[in-house]
Amino acid sequence: MSPQLYVNLDHVATLRQARGTPYPDVLEAALLAERSGHVAGITLHLREDRRHVQDRDMERVMAALRLPFNYEMSCAADIVAHAVRLRPAQATLVPERRAELTTEGGLDLDLHGALVAQTTARLQQAGVLVSLFIDPDVHAVQRSREIGATHVELHTGSYAHAWGTPSAARELQRLQHAAAAARAEGLALNAGHGLTVANVGPVAALPQMNDLNIGHAIVARAVFVGLDSALAEMAEAIRRSASNT
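Residues numbered from 1 in each chain as written. Predicted model: local features only at pLDDT ≥ 70, side-chain atom pairs only at ≥ 80, totals over all residues. Heavy atoms only, no water.

A. Summary view of the layout of surface pockets. In this structure, the second largest pocket occupies an estimated 320 Å³ of space. Among the elements of the structure, α1 (10-19), α2 (26-36) and α10 (216-225) are those that each provide at least two residues to the lining of the second largest pocket. Of the residues assigned to the lining of the second largest pocket, the class counts are 10 nonpolar, four polar and two charged. (1 Å grid on protein atoms, 1.4 Å probe; cavity = no way out; pocket = protein on both sides within 12 Å on 5 of 7 lines; lining within 4 Å. Points joined across faces, edges and corners; volume = space filled by probe spheres on them. Helix = DSSP H or I, 4+ residues; strand = E, 2+ residues; numbered from the N terminus. Nonpolar A, V, L, I, M, F, W, Y, C, P; charged D, E, K, R; others polar.)

B. Molecular detail of the packing of aromatic side chains. Counted by the stated rule, this structure contains two aromatic pairs. When the ring of F69 is compared with that of Y71, the centres are 6.4 Å apart and the planes differ by 75°; the resulting orientation is edge-to-face. With a relative accessible area of 3%, F69 lands in the buried category. By relative accessible area, which is 0% here, Y71 ends up buried. (Phe/Tyr/Trp six-rings, centres within 6.5 Å; stacked < 30°, edge-to-face > 60°. Buried < 20%, exposed > 50% of the residue type's maximum accessible area, 1.4 Å probe, protein only.)

C. Structural detail: unusual backbone geometry. Backbone torsion omega between Y23 and P24 reads -5°, so that peptide bond is classified as cis. Along the chain, the position of P24 falls in the loop between α1 and α2. Phi is positive for R50, which is not a glycine, with a value near 50°. When you line up the elements, R50 lands in the loop between β2 (41-45) and α3 (55-64). Positive phi is not limited to glycine here, since R87 has a value of about 55°. Mapped onto the secondary structure, R87 falls in the loop between α4 (77-86) and β4 (90-93). Relative accessible area serves as the criterion here: at 54%, R87 is assigned to the exposed category.

D. Spatial organisation of the nonpolar core. Within the largest apolar cluster, 73 residues are counted, with the highest numbers of intra-cluster contacts made by L132 and L212. By residue number, the principal contributor to this core is helix α11 (residues 227-243), which donates seven residues. The contact partners of L132, leaving out residues within four places of it in the chain, are L93, L107, L109, V116, T120, S144, I147, A149, H151, V152 and E153. (Core = buried A, V, L, I, M, F, W, Y, C linked by side-chain atoms within 4.5 Å. Contact = heavy atoms within 4.5 Å.)

E. How the structure looks around the side chain of E34. Tracing the chain through its elements places E34 in helix α2. Among residues more than four places away in sequence, those in contact with E34 are V39, L65, R66 and L67.

F. Geometry of the packing of α2 against α11. It is at 10 Å that the axes of α2 and α11 come closest, and there the two elements cross at 50°. Comparing the axis directions of α2 and α11 gives the class oblique. The handedness of the crossing between α2 and α11 comes out as right-handed. For the pair formed by α2 and α11, the contact residues are A29, L32, A33 and S36 on the first element and L227, D228 and L231 on the second. Of the residues contributing to the contact of α2 with α11, the split by class is five nonpolar, one polar and one charged. (Axes fitted to C-alpha atoms, helices over the stretch in contact; angles between N-to-C directions. Parallel < 35°, antiparallel > 145°, perpendicular 65-115°, else oblique. Left-handed = near helix turned anticlockwise from the far one by under 90°.)

Okay, here's the thing in structure tokens:
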């Protein structure tokens with residue numbers, strides 16, 4: 001069975017915020033994705049700096065969506081309170097740095113383990129599944145289990161950046177080892193960051209891969225072919241990889 005595609009629609013909001021207009025509407029994009037039949041869920045990241053998605057986007061999408069919703073978030077107190085109130089199907093805890101263009105690397109579970117554990121427990125008490133966004137590192141996988149998470153999302157950024165170079169094989173091997181460690185620890189396995197139609201195949205082919213969170217490549221492609229076609233292309237690339245394993 002092929003992994004499920006969760007489309008991250010943050011950059012629909014990025015386009016809107018660039019001009020301060022009410023369009024393009026994140027909710028409209030989410031409903032189009034839902035109707036397409038190509039996705040299993042929707043992901044949005046409410047950043048502390050609110051540079052793209054806004055609180056109201058999360059609320060409107062949660063209220064209207066029938067598909068599962070993945071709330072990407074930091075451990076900031078106001079964000080955690082908002083997520084607990086909305087009670088999405090899943091929350092993915094990610095690190096944030098103010099100057100970054102996008103999420104750069106996984107959570108440091110040695111430095112911030114206590115806060116991540118506290119946030120994980122609070123979300124789980126509200127009935128929310130918690131996934132930790134981590135680098136493809138066996139130690140990070142083991143720490144995720146110790147902290148109490150049931151899911152991990154492997155950061156595929158280094159692999160994506162290395163695609164087409166001799167380093168790609170090494171980065172894929174890191175993902176393979178981390179995925180094996182997650183399976184050994186009994187953790188559900190997700191992945192995402194920088195994935196495209198060209199490079200998604202080897203990641204989608206990892207045994208017991210559940211969800212692939214993919215956003216920027218899909219939204220960028222949609223500028224030229226429309227959202228439905230962009231989603232169809234990515235879904236087909238994922239299915240093709242699964243059928244070849």
